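Chain by chain, the residues run as shown.
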Amino acid sequence: AFGLIYVWYSTYTGNYKDALIQIKSIDRRNKEHGRRLLEFGKKMIQELRNDIAVLAFEEVIKQGHKFFEGQARKELISIKISELKFKINALKIA
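Only a predicted model underlies this, so the values are computations on that prediction, with no experimental measurement involved. (Residues numbered from 1 in each chain as written. Predicted model: local features only at pLDDT ≥ 70, side-chain atom pairs only at ≥ 80, totals over all residues. Heavy atoms only, no water.)

Asker: Can you tell me about the overall build of the protein, naming the residues and giving the values?
Answerer: Counting its regular elements, the protein contains five helices and zero strands. For the protein, the α and β elements follow one another from N to C terminus as α-α-α-α-α. C-alpha extents for the protein along the principal axes are approximately 50 × 35 × 15 Å. A buried classification covers 35% of the 94 residues belonging to the protein. A distance of 3 Å separates the average location of the 18 positive side-chain charges in the protein from that of its 11 negative side-chain charges. (Helix = DSSP H or I, 4+ residues; strand = E, 2+ residues; numbered from the N terminus. Buried < 20%, exposed > 50% of the residue type's maximum accessible area, 1.4 Å probe, protein only. Lys, Arg positive; Asp, Glu negative; His and termini not counted. Charge placed at Lys NZ, Arg CZ, Asp CG, Glu CD.)

Asker: An account of the environment of Phe57 is needed here, citing residue identities and associated values.
Answerer: Considering the arrangement of structural elements, one finds Phe57 in helix H4 (residues 50-63). Residue classification places Phe57 among the buried positions, given a relative accessible area of 0%. Spatially, the C-alpha atoms of Phe57 and Ile23 are 12 Å apart, while their sequence positions differ by 34 residues. Beyond its immediate stretch of four places on either side in the chain, Phe57 contacts Leu38, Gly41, Lys42, Ile45, Ala72, Glu75, Leu76 and Ile79. (Contact = heavy atoms within 4.5 Å.)

Asker: Can you lay out the packing of helix H2 (residues 16-29) against helix H3 (residues 35-46) for me, pointing to particular residues and giving the numbers?
Answerer: A packed helix pair is summarised by two numbers, namely the angle formed by the two axes and the spacing between the axes. Packing of H2 against H3 leaves a shortest axis separation of 8 Å and a crossing angle of 160 degrees. As judged from the angle between their axes, H2 and H3 are roughly antiparallel. Counting all contacts with H2, which are made through Tyr16, Ala19, Leu20, Ile23, Lys24, Ile26 and Asp27, the residues of H3 involved are Arg35, Arg36, Leu37, Phe40 and Met44. Along the lines of polarity and charge, the residues of the contact of H2 with H3 split into eight nonpolar, no polar and four charged. (Axes fitted to C-alpha atoms, helices over the stretch in contact; angles between N-to-C directions. Parallel < 35°, antiparallel > 145°, perpendicular 65-115°, else oblique. Nonpolar A, V, L, I, M, F, W, Y, C, P; charged D, E, K, R; others polar.)

Now the structure itself:
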């Protein structure tokens with residue numbers, strides 16, 4: 001329970017890397033095979049912290065659970081597409 005409170009506090013105060021470390025630990029301890037990391041990564045996309053989301057998804061891929069790995073790869077592709085669209089639009093404006 002303390003770990004989840006720490007994740008909430010870290011996220012609330014903007015210490016996303018600390019929250020990621022704790023989520024990684026909770027995920028391993030509970031043998032969730034990346035499920036919690038995947039959820040956290042999706043939350044980071046909503047918070048516009050793609051850098052942290054990428055780290056979370058890469059960790060899911062390292063764990064190698066087929067179902068969660070596939071979802072993580074899909075999320076990474078979505079992030080890259082969004083970043084490319086942003087760059088293209090920036091070039092059009094300039």
